[in-house]
Amino acid sequence: FGWYGHEPKGLWLHAVCVASGARFMARHIKMSADDCEQLFVAGLLHDIGKLLLVTYVQDAPLIAQGVSIEECERQTVGLDHTEAGALVAAKWNLAEEIQSVIKGHHDTEPNEEHGQSIACVRIADCVAHELGTGFLPGRAPLNAVRPEDLVAVGLDEASWGALRDEVAATMEEAVAALGQLST
């Protein structure tokens, strides 16, 4: 199985982690209730483009050559999962901010309009990767939280160290709650 390194149902477990973590971050920085829920949706859908591209890239030889997943997607299909996901969100008439967060969650360039929202999802994505939830052993990407994302949400390294454990606990609670729904 192993789509993008995920175990069966792993993409959804990862999505729940990122969604709950992004909402936690948004609440922590005192975003409005609507913005917090919008970031939950953006976190839940941040990798939705992978579902569209998986059949094209699952056996792509470029990944074995050390090419990033996004570059492999671009070379194989002509766009990456962030672009595909943003197109899906646009087709579903989701808010422009959700589209922007989905499209920007791997960008290295700052986004003036939605930078804080993108930072919340990127930070949550990093913690979710660190936890490895939904991934096959050893297959979760390891990305460090970017200093510029911490700045965007008003945190320094010291305050992030303490908050990181709360984000992780929130994610673990969300996954446990999801597991209880299926029993």
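Structure: above.
Summarised in this report is the structure supplied together with it. Values in this document were obtained by computation on a predicted structure and should not be read as measured data.

**Some thoughts on the pattern of salt bridges**
Here comes step 1: In this structure the tally under the stated criterion is eight salt bridges.
Here comes step 2: The shortest N-O distance in the salt bridge between R74 and D80 comes to 3.0 Å.
Here comes step 3: Residue class for R74 comes out partly exposed when judged on its relative accessible area of 35%.
Here comes step 4: E130 is the partner of R164 in a salt bridge, and the nearest nitrogen-oxygen pair spans 2.6 Å. Remark: E130 occurs in helix α8 (residues 115–131) and R164 occurs in helix α10 (residues 157–181); sequence separation between them is 34 residues.
Here comes step 5: Relative accessible area serves as the criterion here: at 18%, R164 is assigned to the buried category.
Here comes step 6: One salt-bridge network, in which partners are shared between bridges, spans R23, R27 and E37.

**Quick look at a nonpolar patch on the surface**
Here comes step 1: The grouping of W3, W12 and L51 at the surface amounts to a nonpolar patch, some 270 Å² of accessible area in total.
Here comes step 2: Structurally, L51 can be placed in helix α3 (residues 49–57).
Here comes step 3: Among the residues examined, L51 registers a relative accessible area of 34% and is labelled partly exposed.

**Observations concerning the side chain of H81**
Here comes step 1: Mapped onto the elements of the fold, H81 is located in helix α6 (residues 81–91).
Here comes step 2: A distance of 3.3 Å separates the side chain of H81 from the side chain of H106, its partner in a polar contact.
Here comes step 3: With residues near it in sequence (within four places) discarded, H81 still touches H46, D47, G49, K50, L53, E70, E73, H105 and H106.

**So, α8**
Here comes step 1: If you check α8, its first and last C-alpha atoms are 24 Å apart, about what 17 residues at 1.5 Å a residue would give, namely 24 Å.
Here comes step 2: Taken across its 17 residues, α8 has 14 buried, putting it largely inside the fold.
Here comes step 3: Once α8 finishes, G132 follows within two positions and takes phi at roughly 80°, a positive value.

**Focus on the state of the cysteines**
Here comes step 1: Taken as a whole and judged by the stated rule, the model has zero disulfides.
Here comes step 2: Here C17 stays free of any disulfide, with the sulfur of C126 as its closest cysteine sulfur at 13 Å.
Here comes step 3: Classification of C17 by relative accessible area gives buried; the value is 1%.
Here comes step 4: Take C36: it sits in no disulfide, and the sulfur closest to it among the cysteines is that of C120, at 8.3 Å.
Here comes step 5: Residue C36 is classed as buried on the basis of its relative accessible area of 3%.

**Quick notes on empty space enclosed by the protein**
Here comes step 1: Overall, the coordinates contain one cavity of 30 Å³ or more when judged by the stated rule.
Here comes step 2: Considering only enclosed or pocket space, the largest cavity measures out at about 40 Å³ in volume.
Here comes step 3: Where the lining of the largest cavity is concerned, the elements lending two or more residues are α1 (10–28) and α2 (33–45).
Here comes step 4: Ranked by the residues each element gives to the lining of the largest cavity, the list is headed by α1, at three residues.

What counts and how
Residues numbered from 1 in each chain as written. Predicted model: local features only at pLDDT ≥ 70, side-chain atom pairs only at ≥ 80, totals over all residues. Heavy atoms only, no water. Salt bridge = Lys/Arg side-chain N within 4 Å of Asp/Glu carboxyl O. Buried < 20%, exposed > 50% of the residue type's maximum accessible area, 1.4 Å probe, protein only. Helix = DSSP H or I, 4+ residues; strand = E, 2+ residues; numbered from the N terminus. Patch = residues over 30% accessible without salt bridge, like charges linked within 9 Å, V, L, I, M, F, W, Y side chains within 5 Å. Areas by Shrake-Rupley, 256 points an atom, 1.4 Å probe, with all protein chains shown as cover. Polar contact = N/O pair within 3.5 Å; in protein donor to acceptor, adjacent residues only side chain to side chain. Contact = heavy atoms within 4.5 Å. Expected span 1.5 Å × (residues − 1). Disulfide = S-S within 2.5 Å. 1 Å grid on protein atoms, 1.4 Å probe; cavity = no way out; pocket = protein on both sides within 12 Å on 5 of 7 lines; lining within 4 Å. Points joined across faces, edges and corners; volume = space filled by probe spheres on them.

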